[in-house]
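# Observations on chain architecture
Here's the letter readout for the chains.
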Amino acid sequence: MADIIRLLPDNVANQIAAGEVVQRPASVVKELLENSVDAGASEIQLVVQESGKTLIQVSDNGKGMTETDARMAFERHATSKIQKAEDIFGIITKGFRGEALASIAAVSKLHMRTRQADSELGTEIKIAANEVEHQDFCNCPQGTSISVRSLFYNIPARRNFLKSNQVELRHIIDEFERVALAHPNVGFRFEHNNNELFHLPASTLRQRIVNIFGKKFNEKLVPVYEETDLLRIEGFVGKPEFAKKTRGEQFFFVNFRYIRNGYLHKAVQKAFEGLLQPDSHPSYFLYLEIDPARIDVNIHPTKTEIKFEDERAIHSIIRTSVKHSLGQYNIAPSLDFERDQQFATPPPPSDRPIEAPGVYVDPSFNPFQKKEKPSGSAQGQWSSQPTYQDKRPTSKESEEWESLLSQIPEIPDVDQQQESLLSTDGEMVQQRYLQIGKKYLLKTHGEGLMLIHQGRAHQRVLYEKIMASLQNQQVASQQLLFPQQLNFNSSDYPIILELIPSLRAMGFDLDEFGQNEIVVHGIPLFLEDPSLSDLLHQIIENNKDFQSSSKDDLSEKMARKMAKLAALKVGTVLEQKAMAHLVDELFACSSPYHSPDGKPTIINLALGDLDKTFN
Ligand code: ADP
Ligand code: MG
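Read on for an overview of the structure. Owing to the predicted nature of the structure, the values given are computational and were not obtained by experimental measurement. (Residues numbered from 1 in each chain as written. Chains lettered and ligands numbered in written order. Predicted model: local features only at pLDDT ≥ 70, side-chain atom pairs only at ≥ 80, totals over all residues. Heavy atoms only, no water.)

### A look at the nonpolar core
The biggest cluster of nonpolar side chains holds 61 residues, and the ones touching the most others in it are Leu 46, Phe 188, Phe 190 and Phe 285. Considering each element in turn, this core owes the most residues, eight residues, to helix H6 (residues 165-182). Counting only domains with at least three residues in this core, you end up with domain 1 (10-200) and domain 2 (205-328). When sequence neighbours within four positions are dropped, the list of residues in contact with Leu 46 reads Val 29, Leu 33, Ile 56, Gln 57, Val 58, Ile 172, Phe 176, Arg 189, Phe 190 and Glu 191. Within the second largest apolar cluster, 33 residues are counted, among which are Met 467, Leu 497, Ile 518 and Met 558. (Core = buried A, V, L, I, M, F, W, Y, C linked by side-chain atoms within 4.5 Å. Buried < 20%, exposed > 50% of the residue type's maximum accessible area, 1.4 Å probe, protein only. Helix = DSSP H or I, 4+ residues; strand = E, 2+ residues; numbered from the N terminus. Domains from an automatic or database assignment. Contact = heavy atoms within 4.5 Å.)

Right, here's the structure in full:
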């Protein structure tokens, strides 16, 4: 029988290996930026078109390559960074596996120009799918410039696998930020679709953080510093009061390389224990320097995971040094004070004599008298609910009912009720609603009662309107009297640019203004008087977490978010006509019984339910 085992041809082997290193445009960005840093560059420029699907170009002023090295760089396992096996254990540069350039060249059309300081002429190389198409001398500045075009052009399956431009751009920004944060002493520029997204001059770490995440960060940072025999730790943590609901900026660097490590993340969280609101996440930018022999970074092909020899010791050093910093900057005590306040009685106004606390009882209150109570007398500052209560133990259900019903003070006399059926403009209002706790609407329904959650009902109505206008592409917008200019930080700005088409489809009239600003001329009709800037920021926050986002998916999420932000808030007092209108609109919806998040909007209580409550 003939032998059947054969070696894979080089180009096939490279394509397969490329799958490990090059998963998406962001992987190319990471590898090229890291090579430039390793080459000792002090200025690095990243230019990207269409989220890297058409072009990724990295140019540096680093040491460049000789003519031979330029060619060698694209061979698999070609690296200048290790010569013998032991070198692996002492490595502090980013790369050393010598795979990145070979892998990238296997799945794209690559063009490189490079020149060393002492050579007059540089080298130019063009490679497509690992075949060198052209090599020659060229005139070029000192350093290296690599353009990667048409990524995955020869592997359609991979190309199709790429996510929306917005998602891919987000990944690129993440990688860019990581490299830029790891090397504040290097200047970076990042241009996407001819917009400058980041311009980061060489600076201190604090300045770098502020340049990336916005001026507001300056006051949020608490420095961390600790040096032991095992490691040095330096950087910043965010003050607990600025912790965010969404996972904020959390960065660990080990020997100037970004890494992910759940165990160390927990160490930081532990240091914040008791200082954070539930579900909020602290920011941190922590830099560990440790003898490279004590870590193994090579366990993962993209090298963001890392194994430490002394994990537990490192955990405890991190936890104590972060805790120490938080304490030293007097954050813990001031926060404790704030936290306690939540549970304490608010101090009485200083201009009033202090009275002994007591239960306020409204002597005129008669639960059987259907008279409107004078407003404002319902609850004294320290009073609880009216105290007329059957002393028998009540079920939870009926307790809830009691407190609910006790909030219905104004059941008007019958005559008055007749009168108010006519609204101010004389139009006949079909049914009368009561607003309870400024958040529920109550009306009789058959022989029972119907309760409507006004905020969720409004969300449902808005959501269906937004979705309809997106689908029909008919949007109603209102022009602002004074166009509003909104400023975003460099990492949010590209996201808002990507969202512009969808925002327009929803009725926003807005344009980019350059310099991280957009100008809003008009807003959708359904947004009455929102704080615009806040609204757009919140949409962005929301979108940062997108993993899967087809275009439809994105629109749906935006519609849901927008409806939530624009819907009536608890505490909005509604007039009779507005309540009737809201309920009419709710019942005109295709799914009136649930909010866009799937929570109930309407609860019906039949007579039988009421009977049970009074049992
Ligand atoms: P690695 O970084 O793991 O060594 P790469 O495939 O990324 O492998 O790069 C191969 C070699 O090409 C590097 O070791 C380095 O000598 C050279 N090289 C790559 N990029 C640059 C650059 N921007 N400037 C100078 N030399 C570079
Ligand atoms: Mg490399």
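### Some remarks on the pairing of strand S1 (residues 43-49)
Bridge analysis of S1 against strand S7 (residues 187-192) gives six bridges, and the strand direction is parallel. Bridge pairing links Ile 44 to Phe 188 in S7. In terms of strand pairing, S1 meets strand S2 (residues 55-60) through six bridges, oriented antiparallel. Bridge pairing links Ile 44 to Asp 60 in S2. With antiparallel pairing between neighbouring strands as the criterion, S1 and S2 make up a hairpin whose turn holds five residues, including Glu 50 at a positive phi of roughly 45 degrees. (Pairing = 2+ DSSP bridges.)

### Focus on the packing of helix H8 (residues 262-271) against helix H9 (residues 311-328)
Across the interface, H8 lies against H9 with an axial gap of 8 Å and an inter-helix angle of 30 degrees. Taken together, the axes of H8 and H9 are roughly parallel relative to one another. Considering only the axes of H8 and H9, their crossing is right-handed. Facing Tyr 263, Leu 264, Lys 266, Ala 267, Val 268, Lys 270 and Ala 271 of H8, the residues of H9 in contact are Glu 311, Arg 312, Ile 314, His 315, Ile 318, Arg 319, Val 322, Lys 323 and Leu 326. Here the residues of the contact of H8 with H9 sort into nine nonpolar, one polar and six charged. (Axes fitted to C-alpha atoms, helices over the stretch in contact; angles between N-to-C directions. Parallel < 35°, antiparallel > 145°, perpendicular 65-115°, else oblique. Left-handed = near helix turned anticlockwise from the far one by under 90°. Nonpolar A, V, L, I, M, F, W, Y, C, P; charged D, E, K, R; others polar.)

### Considering the packing of helix H13 (residues 454-472) against helix H17 (residues 576-587)
For any two helices packed against each other, the geometry comes down to the angle between their axes and how far apart the axes lie. One can describe the packing of H13 onto H17 by two numbers: an axis separation of 9 Å at closest approach and a directional angle of 55 degrees. On the basis of the axis angle, H13 is oblique to H17. When you trace H13 past H17, the crossing you get is left-handed. Listed contacts from H17 to Gln 454, Ala 457, His 458, Arg 460, Val 461 and Lys 465 of H13 are Leu 582, Glu 585 and Leu 586. Considering only residue class, the contact of H13 with H17 consists of four nonpolar, two polar and three charged.

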